[in-house]
Every structure is written in structure tokens, then in C-alpha cells.
Amino acid sequence: MYNYQQYRHIEPPGWILGWTWARKEIIWSMVGGQATLQGDCSKFHAAVPHCCMRNPTIVDLLPGVPYNSQVANCCRGGVLSSFGQDPSTAVASFQISVGMSGNTNTSVKLPKNFTLQTPGPGYSCGPAKIVKPTLFMTPDGRRKTQALMTWSLVCTYSQVTAQRAPPCCVSFSSFYNDTIVPCPTCACGCENKNTCYERAPLQMVTSGSHTGVTPQAIAPKIHCTKDMCPIRLHWHVKQNYQAYWRVKLTISNRNYARNYSQWNVVIQHPNFDNLTEVFSFTYKSLNPYGDAINDTAMLWGIKYYNDLLMQAGEEGNVQSEILFQKDKNTFSFNEGWAFPQKVYFNGDACVLPPPDAYPRLPNGAVTLKLNRSFMFLVSLIVAALLCLFL
């Protein structure tokens, strides 16, 4: 299983893969994963299969299982990193021994109705298709063996299918305006004192629960705000230099029940094509429109330093500063140009303030210069007139 999404993880409590057998197949044994239900295996007496369900659901094993239960790229609790952030951990695998399935490439039938949950909805899977058989290299590297059959399928994610409210919002501020533009009201939900928290609950669980039959997501415990977003990103235009300008980016977790490991942020802004430096975050250019336009950046934490965004509280934030070089043809503080056009957190789109609310340059800034010039000109005229009369 490869997660080719550039900036969307499969997060705790992990993936759940399901399908329907074409006939009466069973799973004799598994390594690297396990079926959530064994099913009715009463007709087997000598050896009991691992799973007799016609529509099995498979989950990953947790870290620390015995070595004889592991295979390569298994046992991470179902967590997959985004491909753009860490390709080495964006893959998972397990092996199953299937019975009652045939033993030739004409008698083996493809499973159907594949599903992928994480653990809720969001992914839609296409049908499995037969592809070229996988080749395996022998340990000495001098011979390749071939699989009996190989099939492949693709699952795609849709936030609409997931039926999720936006998980994040963005607020703005700047050095040239005292106004702090907050996240839009009810951006992720409307405030309800009966379901939100003014302070941290006494008892919290900050990871996926594996106490049930399948992994279950922990219900969020959100700090009470007008926007009710678990994650807030704040973009502050901090300083203006002759050839550069600086931004401070702060990411705050308002969920008391969850922390975010290997978080990432994707930001679209036209000045990323002239980026000078990103401090204390890792930066990668995405170039979604090809090399002609470079306006999209992917940012994430430095390993063992700030790659873990803690749950809500004093330590529930990470921050960095971004230094841009000015392009005289495009740079401006007018009309909200200094603020991002799109922002994503862990692959989900964040809600931005309306454009008419962005911090603006003071109205009197240009007028003041004109007034001073006018007064200086008047002073010169008066002085000239006085010299003539005197």
C-alpha cells in the first residue's frame, strides 16, 4: 500500500482495508497485519484459519510485535506518512496465505468491492485490475522470480466524501496595522459551551484507541473559540526591509485530546518563487503547475525538534519565520498581497478570512507625505514673496 499523496497522511488510529472475496476463499495465516474478525470457521477442525469472513477487514499491527509476525514496511499502527514528506514511511505491506482460491492464474479470481477507511470515510476505491506480475530478486542478485499474479487498484480521497468540517482556519496580522484579523466565526463549527472546553479536561487520551474490534478515533475536545477549529494558523507580516520582508507563522493546536506527529502545512503565495530562507521548519517546493509557476510551499517540523505539535496548552504550538526577497515587479503591501491565497494543514483546506477583512495600509500614510510636501511648497512661496517685498 503506497500513499502517493504529497501532503496528506493516513493518521492514527490508522488504515482499515477491506474487500469481498470472489468465491469462498479463506485466510489461513497472516504476517504484518491481522483481520479484525475471524468469522465462522466451525467446519475446520484440524487447523483453524485466521479468518473465514467473506468480506474481511485488515488492520496493521502495532509496533513491537514479535519478529516472526513482521514483514518489511509493517507494524506502524496503520500510520502512513505523506509521500512528499517521508517516502520511506509512506508504504505499508502485509502477507496473507489464502486457501480455497485456486492455484493457477486462470483459476484465481480477483477480490472486489475494496474499501479503505482511516478509520472514517473519505476514500473511494476503484476495481482491481490485473497488471504485469511482480518480479522478485534472489538474495545473490543474479536471478529474478515471478509472481503467479499481480493486481493493483487505486483509492482516492475526497473531503466531500469524508463529510468532514474544515479542521483548521487562518488569522492575519501585520506590523503596519494594529488590527488582528481573527478566523471567521463558525469556520469549523459554532461555539457551544456544552461541547467545548475552557480548560484542559482532567482525563485525556491523545492517540487512537485500539480497545475495540477496530481502531477508533478519539472524539476531539476543542478549546472554546468563536471559530471552533482544532488548528489555527496565524500569518503575521513582521518586518519590511529595503530588499526583503519577513513573516512569522504560528501553528496552534486547540484540541486537548490529540497531538499531531509529522504535521505539515501547504501554503500558496506568489512570493515563494523568491524565497530566501525558512527558519526552524523544513521547506519543499511543490510546483503543482510545473516549473513555470513556483508559488506553493510545503513546510513541516524538524525531526526531534518541532515535528510533534502537542495538544492544546502552553506547549501546543510551533512557529517559524520566513524571509522573502522582494520582486520589484510584483511586491506590494496593498490589497492583501502579503497574505497567502490558500492554506492546507495535513492535506485539509483551511478557512481564510474574507478578503475585505485583510489588514490594510493606514489611509493617512500617503496623505501625510502629500501634506508635508504641500506645506513645504507653501513655505517656499511665502519665503520668496517676503524676499520680494523686503
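So, how was this worked out
- Chains are numbered independently. Their residues run from 1 in the order of the written sequence.
- Side-chain atom pairs in this predicted model are given and counted only at pLDDT of 80 or more, local residue features only at pLDDT of at least 70, and totals for whole chains, interfaces and linings cover all residues.
- With hydrogens and water excluded, all non-hydrogen atoms of the structure serve as input to the side-chain values.
- We call a pair of cysteine sulfur atoms a disulfide when they lie within 2.5 Å.
- Segments assigned H or I by DSSP are reported as helices when at least four residues long, segments assigned E as strands when at least two residues long, and all are numbered from the N terminus.
- Only protein chains enter the accessibility calculation, which uses a 1.4 Å probe; a residue is then buried when its area is under 20% of its type maximum, exposed when over 50%, and partly exposed in between.
- Pairing between two strands is assigned when DSSP locates at least 2 bridges connecting them.
- To obtain each axis, a line is fitted to C-alpha atoms, and for helices this fit is confined to the stretch in contact; angles are then taken between N-to-C directions over 0 to 180 degrees.
- Basic side-chain nitrogens of Lys or Arg form a salt bridge, by our definition, when they fall within 4 Å of a carboxyl oxygen of Asp or Glu.
- Of the two site types, the cavity is a set of points on a 1 Å grid over the protein atoms alone where a 1.4 Å probe fits but cannot get out, and the pocket is an open set with protein on both sides within 12 Å along at least five of seven lines, each lined by residues with an atom within 4 Å of a point.
- Grid points are joined across faces, edges and corners, and a volume is the space filled by probe spheres set on the points.
- Under the pairing criterion, centres of Phe, Tyr and Trp rings, with the six-membered ring standing for Trp, must be within 6.5 Å; the plane angle then separates stacked pairs below 30 degrees from edge-to-face pairs above 60, leaving the rest tilted.
- Polar contacts, as counted here, are pairs of nitrogen or oxygen atoms within 3.5 Å of one another; within protein the pair requires one atom able to donate a hydrogen and one able to accept it, and residues that are adjacent in sequence qualify only if both atoms are side-chain atoms.
- Within this scheme, the nonpolar core is defined by two criteria: the residues are buried Ala, Val, Leu, Ile, Met, Phe, Trp, Tyr or Cys, and they are joined through side-chain atoms within 4.5 Å.

A. Summary view of the state of the cysteines. Taken as a whole and judged by the stated rule, the model has eight disulfides. The disulfide partner of cysteine 169 is cysteine 183, and the gap between their sulfur atoms is 2.1 Å. Taking the torsion about the S-S bond as the criterion, the cysteine 169 to cysteine 183 disulfide, at about 80°, is right-handed. Pair noted here: cysteine 169 is in strand S13 (residues 168-174) and cysteine 183 is in the loop between strand S14 (177-181) and strand S15 (231-240), with a separation of 14 residues, a long-range link. For the pair cysteine 169 and cysteine 183, one class covers both residues: buried. Residue cysteine 196 pairs covalently with cysteine 224 via a disulfide, S to S 2.0 Å. Negative torsions about the S-S bond denote left-handed disulfides, and the value of about 100° found for cysteine 196 with cysteine 224 makes this one right-handed. Taken together, the residues span a long stretch of sequence, with cysteine 196 in the loop between S14 and S15 and cysteine 224 in the loop between S14 and S15 at a distance of 28 residues. In this pair, the class of cysteine 196 matches that of cysteine 224, namely buried.

B. Structural view of the sheet that holds S13. Read from one edge to the other, the open sheet built from six strands follows the order S14-S13-S15-S16-S23-S19, with strand pairing classed as mixed. The sheet is open, and its two borders are formed by S14 and strand S19 (275-279), each paired with just one other strand. Neighbour-to-neighbour, the strand axes of this sheet turn through a mean angle of 15°, independent of strand direction. As judged from the nine bridges shared by strand S16 (residues 244-253) and strand S23 (residues 317-325), these two strands associate in the antiparallel manner. Note on S23: the bridge partner recorded for isoleucine 251 is valine 318.

C. Up close: unusual backbone geometry. Cis geometry marks the peptide bond from proline 12 to proline 13, where omega comes out at 10°. Position of proline 13 relative to the elements: it lies in the segment before strand S1 (16-20). Of note in this structure, asparagine 73 is not a glycine but carries a positive phi near 65°. Of note, the phi angle at methionine 228 is positive, near 55°, even though the residue is not glycine. Tracing the backbone shows methionine 228 in the loop between S14 and S15.

D. Structural view of the pattern of salt bridges. This model, assessed by the stated rule, comprises eight salt bridges. Measuring nitrogen to oxygen at the nearest pair gives 2.5 Å for the salt bridge that ties arginine 254 to aspartate 227. Taken together, the residues span a long stretch of sequence, with arginine 254 in the loop between S16 and strand S17 (260-261) and aspartate 227 in the loop between S14 and S15 at a distance of 27 residues. Accessibility expressed as a relative area gives 13% for arginine 254, which makes it buried. Assessed through its relative accessible area of 6%, aspartate 227 is described here as buried. Lysine 238 is the partner of glutamate 321 in a salt bridge, and the nearest nitrogen-oxygen pair spans 2.4 Å. Remark: lysine 238 occurs in strand S15 and glutamate 321 occurs in strand S23; sequence separation between them is 83 residues. Among the ionic contacts, a cluster of salt bridges with common partners joins Glu191, Lys193 and Glu198.

E. Local environment of the layout of surface pockets. In this structure, the largest pocket spans a volume of roughly 1,900 Å³. Met1, Phe94, Thr150, Trp151 and Ser152 are, among the 47 residues lining the largest pocket, the residues nearest its centre. Considering each element in turn, the lining of the largest pocket owes the most residues, four residues, to strand S5 (residues 95-99). Its volume calculated, the second largest pocket comes out at about 1,300 Å³. Surrounding the second largest pocket, 50 residues form its lining, Glu11, Pro12, Arg164, Arg258 and Tyr260 being those nearest its centre. Listed by contribution, the elements that provide at least two residues to the lining of the second largest pocket are S17 and strand S21 (296-301).

F. Broad picture of the sheet that holds strand S20 (residues 281-285). Spatially, S20-S21-S18-S24-S25 is the arrangement adopted by the five strands of the open sheet, whose pairing is antiparallel. The sheet is open, and its two edges are formed by S20 and strand S25 (348-349), each paired on a single side. The pairing of strand S18 (residues 264-268) with S21 spans five bridges and is classified as antiparallel. Counterpart to valine 265 in the pairing with S21 is leucine 299.

G. The arrangement of the packing of aromatic side chains in detail. Summed over the entire model, instances satisfying the criterion amount to 24 aromatic pairs. Taking 6.5 Å as the distance between ring centres and 15° as the angle between the ring planes, the aromatic pair formed by phenylalanine 272 and tyrosine 283 counts as stacked. Pair noted here: phenylalanine 272 is in the loop between S18 and S19 and tyrosine 283 is in strand S20, with a separation of 11 residues, a long-range link. You can call phenylalanine 272 buried: its relative accessible area is 1%.

H. Broad picture of the side chain of threonine 36. Mapping threonine 36 onto the fold places it in the loop between strand S3 (33-35) and strand S4 (57-60). At a separation of 2.4 Å, a polar atom in the side chain of threonine 36 contacts the side chain of threonine 57.

I. Just the environment of tyrosine 305, in detail. Along the chain, tyrosine 305 falls in the loop between S21 and strand S22 (308-309). The spacing of tyrosine 305 and phenylalanine 281 is 24 residues in sequence and 9.6 Å in space, taken between C-alpha atoms.

J. Fine view of the nonpolar core. If you look at the biggest cluster of nonpolar residues, it comprises 36 residues, and the most contacted ones within it are Leu233, Trp235, Trp245, Ile251, Trp263 and Phe345. Every element with two or more residues in this core is listed here: S13, S15, S16, S18, S21, S23 and strand S24 (342-345). Ranked by size, the runner-up nonpolar core spans 18 residues in total, among them Ile10, Met30, Leu116 and Tyr123.

The values reported here are purely geometric and, on their own, carry no functional implication.
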